[in-house]
Amino acid sequence: MPRETVSHEEGAIYEFTPDLEPIAEVEPGTELTIETRDSLDGAVQADDDVIESVPDEVNAATGPIAVAGAEPGDVLAVEIEDVRVAEDRGRVITIDGFGLLDAYDEIEAPRTTITPVEEIGDADATDADGIIVFDDLAVPVDPVIGTIGVAPADESYTTLVPHDHGGNLDTTDVSAGNTAYFPVFQDGAMLAMGDCKAAMADGEMCGTGSEIATAIDVTVDVIDGADAAVDLGRPLVETPVAWKTIASAETMEDACELANLDAIDLLVAEHGFDPTEAYMFSSLVGGLEISQVVDPLVTVRNAIPKDYCEGPF
């Protein structure tokens, strides 16, 4: 089956709603290349270009893409094979009223730093596909998909907001070599993604990574909900070494609780623990990680090594 391409030029959304209309429909098992534009829609091309306030429309997500046969209660699997930067620069910005340190007088906002993309010479070869340059400092290109999700159950969320459907998760594990799983709330699932970064640290402290256009290679599949060992209610990421539950909430504590509850579900299904045993065991082998602390909701994940969990699918 040849790889299909879906471009932001065909359609992109700024809000995940329950009644999304697809711009494309594909069969389970389809290999896709999804082309995305940068989260600021090309408005920032130089250091002098600044964003005064958070735009009404931000984080364009290419799609939605309907996956045939996906029904509420199923799980959508998105295997991320490659994420390639598609322009010669990224941009890191601050915006007044946004970011972890927004209230600090010494933090200037708005402000922009353009991060040119450069190839790595043989003498400096690493596993990275290149570097971005911030001032005179080189940072390896390690692309992240910032916004990815499906149509939600009954409420609508802008592409700036993370929630149970996914959305603006800003999670560094949503990257090449990993698989993201989403609960299906609507027929067709209605997958959309964008808001990619050439590089981003856990936390996304200033409110952005190096925002950049990309081409993303994925394979989409549908898992029958009856075949899953857990009733997936929020996103889950599989890496080569761990299963990572992902949860978003108004406070860090609430997000941690949700991610831990989801990790407990995995351990109960895996080992036949009762919930208290799974809770205690998660305190031995789990690992809470911060995804982002700057969006309207904060996002965390709880990593369970595959040594202790083969997974629910």
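Above this text sits the structure in question.
Residues numbered from 1 in each chain as written. Predicted model: local features only at pLDDT ≥ 70, side-chain atom pairs only at ≥ 80, totals over all residues. Heavy atoms only, no water.

Peer 1: Can you help me understand the pairing of strand β8 (residues 89–94) in this one?
Peer 2: The side chains of a regular strand alternate between both faces of the sheet. Most of β8 is tucked away, with 5 of its 6 residues classed as buried. Where β8 meets strand β9 (residues 111–118), 6 bridges bridge the pair, whose relative direction is antiparallel. Considered in β9, the bridge of Gly-90 is made with Thr-115. (Buried < 20%, exposed > 50% of the residue type's maximum accessible area, 1.4 Å probe, protein only. Helix = DSSP H or I, 4+ residues; strand = E, 2+ residues; numbered from the N terminus. Pairing = 2+ DSSP bridges.)

Peer 1: Even after reading the chapter, I still don't get the environment of Glu-87, so can you show me in this structure?
Peer 2: Residue position: Glu-87 is located in the loop between β7 (75–85) and β8. The exposure class of Glu-87 is partly exposed, given its relative accessible area of 22%. Expressed as a C-alpha distance, the spacing of Glu-87 and Thr-147, which sit 60 residues apart in the sequence, is 19 Å. From its side chain, Glu-87 meets the backbone nitrogen of Ala-213 in a polar contact 2.8 Å long. (Polar contact = N/O pair within 3.5 Å; in protein donor to acceptor, adjacent residues only side chain to side chain.)

Peer 1: Please clarify how the packing of aromatic side chains should be interpreted in this entry.
Peer 2: The description of an aromatic ring pair rests on the distance of the ring centres and on the angle between the ring planes. Counted under the stated rule, the structure contains 5 aromatic pairs. With a centroid separation of 5.5 Å and an interplanar angle of 80°, the aromatic rings of Phe-281 and Tyr-308 are classed as edge-to-face. Here the residue Phe-281 occupies a position in helix α2 (residues 275–285), and Tyr-308 occupies one in the segment after β22 (298–305), the gap between them amounting to 27 residues. One aromatic cluster in this structure is built from Tyr-181, Trp-243 and Phe-313. (Phe/Tyr/Trp six-rings, centres within 6.5 Å; stacked < 30°, edge-to-face > 60°.)

Peer 1: Is there a simple way to explain the layout of surface pockets in this structure?
Peer 2: Taking a probe equal in size to a water molecule and rolling it over the atoms shows the remaining empty space. Estimated volume of the largest pocket: approximately 660 Å³. For the lining of the largest pocket, the secondary structure elements donating two or more residues are β8, β9, β10 (131–134) and β11 (137–140). Across the lining of the largest pocket, the residue classes break down as 18 nonpolar, 9 polar and 6 charged. (1 Å grid on protein atoms, 1.4 Å probe; cavity = no way out; pocket = protein on both sides within 12 Å on 5 of 7 lines; lining within 4 Å. Points joined across faces, edges and corners; volume = space filled by probe spheres on them. Nonpolar A, V, L, I, M, F, W, Y, C, P; charged D, E, K, R; others polar.)

Peer 1: I keep staring at the sheet that holds β9 and nothing clicks. Help me out?
Peer 2: Judged by pairing direction, the sheet is antiparallel, and its 4 strands sit side by side in the order β8-β9-β10-β11 without closing on themselves. Looking at strand neighbours, the two that pair on one side only are β8 and β11, the edges of this open sheet. Looking at each pair of strands side by side, their axes are set apart by 30° on average, direction ignored. (Axes fitted to C-alpha atoms, helices over the stretch in contact; angles between N-to-C directions.)

Peer 1: Explain the sheet that holds strand β19 (residues 236–238) to me, please; I cannot follow it from the model alone.
Peer 2: Sheet strands pair via backbone hydrogen bonds, and the direction of the pair is either parallel or antiparallel. Pairing in this open sheet of 9 strands is mixed, and the strands run β1-β5-β18-β7-β16-β19-β20-β22-β21 from one edge to the other. The open sheet terminates on both sides in strands that have one partner only, identified here as β1 (4–7) and β21 (288–292). Here the strands of the sheet are splayed against their neighbours by 30° on average, with no regard to which way each runs. As paired elements, strand β20 (residues 242–249) and β22 share 8 bridges and run antiparallel to each other. Among the inter-strand pairings, Lys-244 is bridged to a residue of β22, identified as Ala-303. Here helix α1 (residues 252–271) sits on the sheet in contact with β19, β20, β21 and β22, set at roughly 145° to β20. (Contact = heavy atoms within 4.5 Å.)

Peer 1: Mind showing me how you'd approach empty space enclosed by the protein here?
Peer 2: Evaluated as defined, the whole model comprises 1 cavity of 30 Å³ or more. Lining the largest cavity are 19 residues; nearest its centre among them are Val-58, Asn-59, Phe-98, Gly-207 and Thr-208. Here the residues of the lining of the largest cavity are counted per class, giving 8 nonpolar, 5 polar and 6 charged.

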